[in-house]
Amino acid sequence: MEIKYPFVIKNVKSGHFAKHTGKDELYPWTTVESINDAQEYETIDHANEIAFWHMAIHEKWIVVDKRDLEEHPITTGKYLPA
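Residues numbered from 1 in each chain as written. Predicted model: local features only at pLDDT ≥ 70, side-chain atom pairs only at ≥ 80, totals over all residues. Heavy atoms only, no water.

### Digging into the overall build of the chain
Stated precisely, the cut-off is as follows: Think of it this way: any DSSP run of H or I at least four residues long counts as a helix, any run of E at least two long counts as a strand, and we number them from the N terminus. For the radius of gyration, the atom set is restricted to C-alpha positions; the globular benchmark scales as 2.2 Å times the number of residues to the power 0.38. Remark: exposure states derive from per-residue accessible area (1.4 Å probe, protein chains only) relative to the maximum for the residue type, with buried under 20%, exposed over 50%, and partly exposed in between. Should any heavy atoms of two residues lie within 4.5 Å, those residues are considered in contact. All accessible-area figures derive from a Shrake-Rupley calculation using a 1.4 Å probe, and residue coverage is judged against the displayed protein chains alone. His is not counted, nor are the chain ends, whereas Lys and Arg count as positive and Asp and Glu as negative. Positions of charges follow a simple convention, taking NZ of Lys, CZ of Arg, CG of Asp or CD of Glu.
On a plain count of helices and strands, the chain comes out with one helix and five strands. Each helix (α) and strand (β) of the chain, taken in turn from the N terminus, gives the series β-β-β-α-β-β. Relative to its length of 82 residues, the chain is compact, with a C-alpha radius of gyration of 12 Å against a globular reference of 12 Å. Referenced to the eigenvectors of the C-alpha coordinate spread, the extents of the chain come out at roughly 35 × 30 × 20 Å. Counting the 82 residues in the chain, one finds 34% classified as buried. In the chain, 59% of the contacts between residues at least 6 apart in sequence involve partners at least 24 apart. Total accessible area computed for the chain in this model is approximately 5,800 Å², and 54% of it derives from carbon and sulfur atoms. Taking the 9 positively charged and 14 negatively charged side chains of the chain as two groups, their mean positions are separated by 2 Å.

### Some words on the pattern of salt bridges
To keep things clear, this is the line we draw: Criterion for a salt bridge: a side-chain nitrogen of Lys or Arg within 4 Å of a carboxyl oxygen of Asp or Glu.
Going through the model one piece at a time under the given rule, you end up with three salt bridges. In this structure, Glu 71 engages Lys 10 in a salt bridge whose closest nitrogen and oxygen atoms are separated by 3.1 Å. One end of the pair, Glu 71, is in strand β5 (residues 71-73); the other, Lys 10, is in strand β1 (residues 7-11), with 61 residues separating them in the sequence. Between Glu 40 and Lys 66 there is a salt bridge, with its nearest N and O atoms 2.5 Å apart. Remark: Lys 66 occurs in the loop between β4 (61-65) and β5 and Glu 40 occurs in the loop between β3 (29-32) and α1 (44-54); sequence separation between them is 26 residues.

### Thoughts on unusual backbone geometry
One non-glycine residue, Leu 69, adopts positive backbone phi at about 65°. Here Leu 69 shows up in the loop between β4 and β5. A relative accessible area of 51% places Leu 69 in the exposed class.

### Let's talk about the packing of aromatic side chains
Filter applied, for reference: Classification of ring pairs rests on two measures: the distance between centres of Phe, Tyr or Trp rings, Trp counted by its six-membered ring, which must be within 6.5 Å, and the angle between planes, read as stacked under 30 degrees, edge-to-face over 60 and tilted in between.
For the coordinates displayed, the defined rule picks out one aromatic pair. Relative to Trp 53, the ring of Phe 52 lies with its centre 4.8 Å away and its plane at 85°, an arrangement referred to as edge-to-face. Classification of Phe 52 by relative accessible area gives partly exposed; the value is 32%. The class for Trp 53 is exposed, based on a relative accessible area of 52%.

Keep in mind that these numbers describe shape and distance, not what the molecule does.
Okay, structure coming up:
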């Protein structure tokens, strides 16, 4: 059984966090300053997949564990079926 915690995606350069706009757009992401306003993912694997496949490739992103603010580098994405 996988333990689930809230994870967020952080832009390394700006220090801001990724948030989905909820809009059906080509790039439906924005960034917010507060970790509490960021899009949350229940697993580190899910956050990693979103960061790897969906975040702007010209930026550097990391996954942050909201429990202890530990930062995890993005790894090569794998397809995770829904």
